[in-house]
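The primary structure of each chain is shown beneath.
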Amino acid sequence: MGGSAIKPLFTRGPVPGYRMLLCAVLSFALMFAEDRFSWMVDVRASMATLVSPVQWVVSLPTEGLSWGALVFADQQELADENRALREQLLNLSSRVQRMASLSTENARLRKLLNAGQRSDVPYITSQLLTLDADPFSHRMVVDRGEQDGVRIGLPVLDAYGLVGQVISTSAYNSRVLMISDASHAVPVEVNRNGLRFIAQGSGKIDQVNVLHVPDTADIRVGDLLVTSGLALRFPRGLPVARVTEVYHDPGKPFARVSAEPVAQLERSRNFLIQMPPEIDAANLYVGDSLDELPRDNIAAPKDAEATSAEAATEAQAAADAAGENN
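Keep in mind it's a predicted model, so treat the numbers as computed, not measured.

*Asks:* Please provide a residue-by-residue account of the confidence of the model for the chain, values included.
*Replies:* Confidence in the prediction for the chain averages 78 pLDDT; 77% of positions are at 70 or higher. A low-confidence stretch, residues 1–11 (pLDDT under 50), is modelled with zero contacts involving residues beyond four sequence positions or located in other chains. Here residues 283–309 is a poorly scored stretch, pLDDT under 50, and it has 40 contacts once near neighbours within four places are set aside; other chains count.

*Asks:* Go over the nonpolar core, please, and point to the residues and values.
*Replies:* With 37 residues, the main nonpolar core has Met140, Val156, Leu162, Val163 and Phe197 as its most contacted residues. For Met140, the contacting residues outside a window of four places in its chain are Leu128, Thr130, Leu131, Val156, Val163, Ser174, Arg175, Val176, Met178 and Phe271.

*Asks:* Break down the pattern of salt bridges for me, citing the residues and quoting the values.
*Replies:* On inspection of all chains with the given rule, the structure shows eight salt bridges. When the shortest N-O distance is used, the salt bridge between Asp80 and Arg83 registers 2.5 Å. Of this pair, Asp80 and Arg83 both sit in helix α4 (residues 75–112), separated by three residues, roughly a single helical turn.

*Asks:* Now, about a nonpolar patch on the surface: what can you tell me, with residues and values included?
*Replies:* Taken together, the side chains of Phe32, Phe37, Trp39, Val43, Met47, Leu50, Val51, Val54 and Val58 define a hydrophobic patch exposed on the protein surface, amounting to about 880 Å² of accessible area. Counting residues per element, the nonpolar patch draws most heavily on helix α3 (residues 40–71), which supplies six residues. With respect to the secondary-structure elements, Met47 resides in helix α3.

*Asks:* Account for the sheet that holds strand β9 (residues 224–227), naming residues and giving values.
*Replies:* Around the barrel, six strands lie side by side as β6-β7-β8-β11-β10-β9; this closed barrel has antiparallel pairing. Strand after strand, the sheet turns through a mean of 40° between neighbouring axes, direction not considered. Relative to β9, strand β6 (residues 185–190) is paired through three bridges, and the arrangement is antiparallel. By the bridge assignment for β9, Val190 is matched with Leu225.

*Asks:* Which residues make up α3, and what values do they have?
*Replies:* Taking 1.5 Å per residue, 32 residues should reach 46 Å; α3 reaches 45 Å between its end C-alpha atoms and fits that length. For α3, every residue scored as buried is listed here: Met40, Ala45, Ser52, Gln55, Ser59 and Gly68.

*Asks:* Tell me about the sheet that holds strand β2 (residues 139–142), and please be specific about residues and values.
*Replies:* Overall, antiparallel pairing links the six strands, which are arranged β1-β2-β5-β4-β3-β12 in a closed barrel. Adjacent strand axes in the sheet meet at a mean angle of 45° when their direction is disregarded. Bridge count for strand β1 (residues 123–131) against β2 is three bridges, and the pairing is antiparallel. Residue pairing in the sheet places Leu131 in a bridge with Met140 of β2. Here α3 sits on the sheet and contacts β1, β2, β4 (162–169) and β5 (174–178); the angle it forms with β1, its principal contact strand, is near 80°.

*Asks:* Residues and numbers for unusual backbone geometry, please.
*Replies:* Here His212, not a glycine, exhibits a phi torsion of approximately 55°, which is positive. Along the chain, His212 falls in strand β8 (residues 208–214). Owing to a relative accessible area of 60%, His212 belongs among the exposed residues under this scheme. Here the phi dihedral of Leu232 falls at roughly 60°; this positive angle occurs in a residue that is not glycine.

Parameters at a glance
Residues numbered from 1 in each chain as written. Predicted model: local features only at pLDDT ≥ 70, side-chain atom pairs only at ≥ 80, totals over all residues. Heavy atoms only, no water. pLDDT = per-residue confidence, 0-100. Contact = heavy atoms within 4.5 Å. Core = buried A, V, L, I, M, F, W, Y, C linked by side-chain atoms within 4.5 Å. Buried < 20%, exposed > 50% of the residue type's maximum accessible area, 1.4 Å probe, protein only. Salt bridge = Lys/Arg side-chain N within 4 Å of Asp/Glu carboxyl O. Helix = DSSP H or I, 4+ residues; strand = E, 2+ residues; numbered from the N terminus. Patch = residues over 30% accessible without salt bridge, like charges linked within 9 Å, V, L, I, M, F, W, Y side chains within 5 Å. Areas by Shrake-Rupley, 256 points an atom, 1.4 Å probe, with all protein chains shown as cover. Pairing = 2+ DSSP bridges. Axes fitted to C-alpha atoms, helices over the stretch in contact; angles between N-to-C directions. Expected span 1.5 Å × (residues − 1).

Quick look at the structure:
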């Protein structure tokens, strides 16, 4: 009787504390391997592909609630929303008509200046799957991956401005680092006067810091910061943030400038992933931006025969000059 009561104590298995210790050791080993070995990137992508169905299933309740709210919504509410959308459509149509005239005028002016044309950047739409549970890490997962042509480094936007960039991909989804993350930085310029700075995430979802702003710089509260295109990663002109504070500390060479992201990082669920434009890598200068390549101003590469002929002519001229001097 007593033996049968004592026996399960020895056949129950490992103590939970050992399991926790084993999980901790395994976690540290995986983090060390990911930091030291490049092949862990492929392992991470494969694991992300395996858990994609789980992420899709987890997002089903939210999609179901959205669908249910749409089905059982009040008729008057839908009518008001429809009227507001029609007014917005008329407003946007008017803006598009004005933009068409400005685009034509801009094309004529650029032709007069012998400048290259700006090409439209292609994009694909995506939806939010999950957010990172770590409050100090501003990252999310979207439902587009390598099968859709997504690659590391592509910019991600919502309807208002820049959200972040793709930092890892799997077959069916991608991980995005938001601009508010403390490890993210993007070259920006003041839309009003073209001054260029670096905007770095602060770790707060509603704030980015503008770094190394001279105390005498012409930057004001309310200025719009847009991407400068100098990093060759973000196209020029994407709205990033709006300046909310400019603090001049007496005796300090730099001002403390804070800005609020224009993108709705906490609320947006639909995003655009801008795909890279087709460019000629042989004629790409380091200072060129992805959204504007001065194709007309880039000298065409000379072929080998013409180059060798010119070199031979210069060598012959130098030899003749040396003979005359002798």
